[in-house]
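Take a look at the letters that make up each chain.
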Amino acid sequence: MSRSKTMQVYDAKNIEVLTGLDPVRRRPGMYTDTSSPFHLLQELIDNAVDEALAGHATDLFVTIDNDNAFTVADNGRGIPVDMHPDHKRPAIDLILTTLHSGAKFSQMTYQYSGGLHGVGLSVVNALSARLTARVIKDGKIYEVQYKDGECVVPLKTIKSQGDVPRGTIIYAEPNPTYFEKVNISLDRLRTFLRTKALLCSTLTTHLITDAGEESWSYPLGLKAYFQQLPYTNTLWNEPWFVHRAEADYECTCVFNWADTTIISDSFVNLIPTVQGGAHVQALKTSLLEAVRDYAKTAAKPPKEKIIWDDLSVGLNFIFAIKVHDPNFQGQTKEKLGSLSIGPALTTLLKNMILSWLYTHHKESSQLMEFCERNQQERLLEDQKKQIKKSTTLKLPLKLTDCTSNNWRERELYLVEGKSAGGSAKQARDKKFQAILTLRGKILNTWDLKAHKIYESQEVKDIIDSIGVQPGSNDLSGLRYGKICLLADADSDGAHISTLLCALFVQHFPELVRRGHLYVAQPPLYRIDIGKQHFYARTLEEQEKIIAQHNNKNWSVIRFKGLGEMNANQLRVSTLDPLTRQLVQLNLDSMIHEQLDLLMNKNRAADRKKWLEQ
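A quick note: this is a predicted structure, and the numbers were derived from the prediction, not measured.

**Considering the overall build of the chain**
The helix and strand tally for the chain stands at 20 helices and 22 strands. Relative to its 613 residues, the chain shows a buried fraction of 49%. Sequence-distant contacts in the chain: of pairs separated by 6 or more residues, those separated by 24 or more amount to 66%. Looking at the chain as shown, the accessible area adds up to about 31000 Å², and 50% of this sits on carbon and sulfur atoms.

**Focus: the pairing of strand 10 (residues 249-257)**
Taken residue by residue, a regular strand's side chains alternate between the two faces of the sheet. For strand 10, the tally of buried residues reaches 9 of 9 residues, placing the bulk of the element in the interior. Taken together, the 6 bridges between strand 9 (residues 240-245) and strand 10 define a ladder with antiparallel strand orientation. Bridging from a neighbouring strand, R244 pairs with C251 of strand 10. The turn linking strand 9 back onto strand 10 is made up of 3 residues. Two strands pair when backbone bridges link them, and strand 10 and strand 13 (residues 315-323) are joined in this way by 9 bridges, in the antiparallel orientation. Bridging across to strand 13, C253 finds its partner in F319.

**Re the environment of V268**
Along the chain, V268 turns up in strand 11 (residues 264-268). Not counting chain neighbours up to four residues away, the residues in contact with V268 comprise T273, H279, I321, V323, P326, F328 and L336.

**Here we look at the environment of D490**
Secondary-structure assignment places D490 in the loop between strand 17 (482-486) and helix 15 (491-507). Taking the relative accessible area as the measure of exposure, D490 reaches 25% and is therefore partly exposed. Put simply, D490 and F559 are 69 residues apart on the chain and 9.5 Å apart in space, counted from C-alpha to C-alpha.

**Comments concerning the sheet that holds strand 11**
Within the open sheet, the 5 strands sit side by side as 9-10-13-11-12. Their pairing is mixed. The open sheet is flanked by strand 9 and strand 12 (271-272), the only strands paired with a single partner.

**Points about the pattern of salt bridges**
For the structure on display, the rule yields 26 salt bridges. The partner of D46 in a salt bridge is K196, with the nearest N and O atoms 2.9 Å apart. Here D46, found in helix 3 (residues 38-53), pairs with K196, found in helix 6 (residues 186-199); they are 150 residues apart in sequence, far enough to count as distant. Among the residues examined, D46 registers a relative accessible area of 2% and is labelled buried.

**Details of the packing of helix 12 (residues 418-427) against helix 18 (residues 567-575)**
Helix 18 packs onto helix 12 with a crossing angle of 80° between their chain directions and a minimal axis gap of 8 Å. The angle between helix 12 and helix 18 falls in the class roughly perpendicular. Judged by residue contacts, S423, A424, Q426 and A427 of helix 12 engage A567, L570, R571 and L575 from helix 18. Split into classes, the residues belonging to the contact of helix 12 with helix 18 amount to 5 nonpolar, 2 polar and 1 charged.

Cut-offs and rules
- Residues numbered from 1 in each chain as written.
- Predicted model: local features only at pLDDT ≥ 70, side-chain atom pairs only at ≥ 80, totals over all residues.
- Heavy atoms only, no water.
- Helix = DSSP H or I, 4+ residues; strand = E, 2+ residues; numbered from the N terminus.
- Buried < 20%, exposed > 50% of the residue type's maximum accessible area, 1.4 Å probe, protein only.
- Contact = heavy atoms within 4.5 Å.
- Areas by Shrake-Rupley, 256 points an atom, 1.4 Å probe, with all protein chains shown as cover.
- Pairing = 2+ DSSP bridges.
- Salt bridge = Lys/Arg side-chain N within 4 Å of Asp/Glu carboxyl O.
- Axes fitted to C-alpha atoms, helices over the stretch in contact; angles between N-to-C directions.
- Parallel < 35°, antiparallel > 145°, perpendicular 65-115°, else oblique.
- Nonpolar A, V, L, I, M, F, W, Y, C, P; charged D, E, K, R; others polar.

The quantities given are spatial measurements derived from coordinates; they are silent on function.
The following block contains the structure:
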């Protein structure tokens, strides 16, 4: 039988168009964090905080029930309930059932806001078994009810007389079908609500549980809070503090140095950016450049050029900005991607830090002495490590090392397969990038004791290459500042990366905790548009790139693996620090639990249940 007769027919009948909230229910992971419903709760809190940012709310109440349902209430203006002029539906129903509907796509209603994508409330509704929204405004109380995202009780007035306060109250029961667990972490929620009150001095946040009510209010603001933190041996008696309002943004920053770093938090429109982004990079760049410029004119500057490692020891900071149209990376908004704000913010902060340094001579001298002490310790440590490496090190034959002697800039790529390893060797920068070629999938080491993992030659080669022993907190022998896992962009590659992640999380937790482990992000597609070449990791990225150049001819190549890419393609897309993407692996309970679910040999039943869900 010919191939054409055996192939399934592919025509217009195969094309689906998802409408309403179906896209959210089909692919919830695209719209929220499905490990728990915490992000749904965060969406409701962020909307209430936006009312406070706009000057219309002073109190925010969060109530957690025993069954992990929650209620969020504020005393803001209340979601509009009148009929939309174009869609002929109550505005609140439109917001709760239609993706990308809202009042935050411009600065007409909110100058600064966190709910930017117009999907927050509708996603909460789509993924809730039940949701009730109550709006109090103009002396009336309105209510609308939903079940699994579908309206079951249309908007109605339940009270129309008397002196009632204004605001919005939303009750939601997350549907456990869409989440790995339904529990809301109260510790995480307390931190979240405390932070909102800290960053908005006119707002009081409240948490109500069976144990009672807690509240947070910081009318004196960020600096007062920062000074109350349990530091020891701060460099300066008073931290550096600035609040500056410009035409397009506001920034508030406070920092100081101490024996240890106990806080390094950043925020955009009161939303915590735990992965940093353009604003945090602007702060670090401006601080380093300002200190370097000041050192050129200081009476006693450090002997060597100051680098970030000399400056970052014991650095504590809180950095919050408000911008009109921030570009977050992903719906969970953990990282700011608005690169356009970086240069202006860097220049502004650098000038303010320099001005402060030149007018505070005692503090500036203390900072110069501090940097020199850190510099001398760093140079001495580097010298000891080089001596130790040159006398005791026996490296695997499969390791193609780099030439740099600065372990902080050195990078080790763990690459599976001879063909992929060959391409990586040609594509790398020999000065600071090393390649260790692995043969096949490594051993699942999750359940093994440290002495047992040495029985795998591939694992032993990894241990010998990085210079750190399993289970040890001593990283003095570490040979690379970055250890990068590089596997194909398909499911097989994901399996290999998971096995390697399991090895490091279980047997080298200190190395992961200190931020030395990364996962490279090679592309699955190359898109040729005219003479330009673009790379995409997913089909969605590919389609987005094509849509941006819809007036040009284009073609797409799907890579079968790293070995199929030529050296230049692999260099530009995956290895070059200017164009690559690296994901840093952070050690937290969520990652440990996920890996235990995937790799623990005794949890087959849990894995089956997880896969079915």
